[in-house]
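# Breakdown of the fold
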Amino acid sequence: MKVLVTGAKGQLGWDVLRELDRRGIPCRGTDVEDFDLTDGPAVKDFVREYMPDVIVHCAAYTAVDKAESEPEICARVNGDGTMNVVRAALSVGAKLVYISTDYVFSGEGEEPWTEEDPYQPKNVYGLSKLQGEIAVRSLMKRYFLLRTSWVFGLHGRNFVRTMRQLGRERNEIRVVDDQVGSPTYTVDLARVICNMIPTEKYGIYHVCNSGWMSWAHFAELIMAEEMLRCKVSPVPTSEYPTPAHRPLNSRMSTRKLNEAGFGPMPGVEDALHRYLQELAAEQREG
Ligand SMILES: NC(=O)c1ccc[n+]([C@@H]2O[C@H](COP(=O)([O-])OP(=O)(O)OC[C@H]3O[C@@H](n4cnc5c(N)ncnc54)[C@H](OP(=O)(O)O)[C@@H]3O)[C@@H](O)[C@H]2O)c1
């Protein structure tokens, strides 16, 4: 089995490559320097030259707030770009892993979203990721469509890094406490991806670490784990306006993942602990 991973320099792509490597699975990572997702012929040429059995498509336009002011670019990368990857995968008969998001849902109610729930994205990024989902679902049969949420990994900016930094600089921070979801460590998501790709258990799965919490609660966990004295003051979303609308309910059910034998996912506290240890080790090593 040979695996091509897009978004190799991003949070998830990096860990997928590391996990594939650890398992001795031949793989190749690509990023914008190799090809731009929006350049269909370039994507196809690259894929046809490497001839992967599986493509793990982690690359995406992920700047959620910026997307509100450049919706065309976001749609081109996440929608058309994914269509280019789908066509390239079909041309070599490769399986595809597409990473999607809780933002394809409306965020209403308090029930966890299931794989069958209706789409209703409320921001430009969510709509563009849905366009990617539709490209995958309408043209492919051999795909794993994984919806995840609140991702943190070693290679890139994320909420944990930001809170850790702010916690060192300030005595108090205000954090939203009415958006609820599951933070997800890229190492844990990468393991699931690597367990899935040799199988034929295709379909849509929700994959996030176990446990739902608000951003404020997650921030408290980060402060506690890092032994920082910074006080986390919970505020409603209305007091923290952002260009992109964010769903209040990002709870996702991972029941299907568990029933298929790919779960359960580690708890958020455990994932956070391992991540902060890895971050500290990386900083020690310079
Ligand atoms: N981050 C989250 O909280 C979250 C939540 C749910 C789902 N997801 C999904 O999970 C996946 C991985 O997210 P992540 O946080 O690992 O993303 P990330 O760290 O932002 O990495 C995305 C990668 O895609 C590359 N890329 C962007 N535009 C490209 C283009 N036109 N052509 C080729 N490469 C391009 C980026 O390169 P540059 O850096 O050079 O632009 C970057 O290396 C994405 O599909 C994302 O939509 C993320």
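Residues numbered from 1 in each chain as written. Predicted model: local features only at pLDDT ≥ 70, side-chain atom pairs only at ≥ 80, totals over all residues. Heavy atoms only, no water.

Next up on the list: unusual backbone geometry. Here Gly263 and Pro264 are connected by a cis peptide whose omega angle stands at -5 degrees. With respect to the helices, strands and loops of the structure, Pro264 is situated in the loop between helix H8 (255-259) and helix H9 (268-285). Here the phi dihedral of Trp150 falls at roughly 45 degrees; this positive angle occurs in a residue that is not glycine. (Helix = DSSP H or I, 4+ residues; strand = E, 2+ residues; numbered from the N terminus.)

What follows concerns the sheet that holds strand E10 (residues 203-206). Here we have six strands laid out as an open sheet, ordered E2-E1-E3-E4-E5-E10, and parallel in their pairing. Single-partner strands in this sheet number two, and they are strand E2 (27-30) and E10. Between one strand axis and the next, the sheet turns through 20 degrees on average, direction left out of account. Bridge analysis of strand E1 (residues 3-6) against E2 gives four bridges, and the strand direction is parallel. Across the sheet, residue Leu4 finds its bridge partner in E2, namely Arg28. (Pairing = 2+ DSSP bridges. Axes fitted to C-alpha atoms, helices over the stretch in contact; angles between N-to-C directions.)

Here Glu269 is to be found in helix H9. Classification of Glu269 by relative accessible area gives partly exposed; the value is 43%. Considered as a pair, Glu269 and Thr186 are 83 residues apart in the sequence and their alpha carbons are 14 Å apart. (Buried < 20%, exposed > 50% of the residue type's maximum accessible area, 1.4 Å probe, protein only.)

Before going further, it helps to spend a moment on the site of the ligand. Near the ligand there are 23 residues, and of these Gln11, Leu12, Thr62, Tyr125 and Lys129 occur at the shortest range. Interatomic distance of 3.3 Å between a backbone N/O atom of Ala60 and an oxygen atom of the ligand. In the model, an oxygen atom of the ligand is placed 3.4 Å from a nitrogen or oxygen of the Ile99 main chain. If one sorts the elements of the shell around the ligand by residue count, strand E4 (residues 95-101) sits on top with three residues. (Near = heavy atom within 4 Å. Polar contact = N/O pair within 3.5 Å; in protein donor to acceptor, adjacent residues only side chain to side chain.)

Looking now at the nonpolar core. Core analysis: the biggest nonpolar cluster contains 32 residues, and Val47, Ile55 and Leu96 have the highest contact counts within it. Elements with a minimum of two residues in this core: helix H2 (40-50), helix H3 (71-92), E4, helix H4 (124-139) and strand E5 (143-148). For this core, the leading source of residues is H3, giving seven residues. Apart from the residues lying within four places of it in its own chain, the contact partners of Ile55 are Leu4, Thr6, Val47, Val85, Ala89, Ala94, Lys95, Leu96 and Val97. (Core = buried A, V, L, I, M, F, W, Y, C linked by side-chain atoms within 4.5 Å. Contact = heavy atoms within 4.5 Å.)

Here the structure, examined in full by the defined rule, presents twelve aromatic pairs. Where Phe159 meets Trp215, the ring centres are 4.5 Å apart and the plane angle is 45 degrees; that geometry is what we call tilted. Of this pair, Phe159 sits in helix H5 (residues 159-169) while Trp215 sits in helix H7 (residues 215-225); the two residues are 56 residues apart in sequence, bridging distant segments of the chain. For the residue pair Phe159 and Trp215, the accessibility class agrees, reading buried in each case. Ring geometry for Phe159 versus Phe218: centroids 5.6 Å apart, planes at 15 degrees, classification stacked. Taken as a pair, Phe159 in helix H5 and Phe218 in helix H7 lie far apart in primary sequence, 59 residues in all. Judged on exposure class, the residue Phe159 and its partner Phe218 are both buried. Every member of this aromatic cluster is reached through a ring pair, and the members are Trp150, Phe152, Phe159, Tyr185, Trp215, Phe218 and Tyr275. The positively charged end of Lys201 is found above the aromatic ring belonging to Phe262, 5.3 Å away from the centroid. When the ring centre of Tyr205 is taken as reference, the NZ or CZ atom of Lys256 above it lies at 4.9 Å. (Phe/Tyr/Trp six-rings, centres within 6.5 Å; stacked < 30°, edge-to-face > 60°. Lys NZ or Arg CZ within 6 Å of the ring centre and 35° of its normal.)

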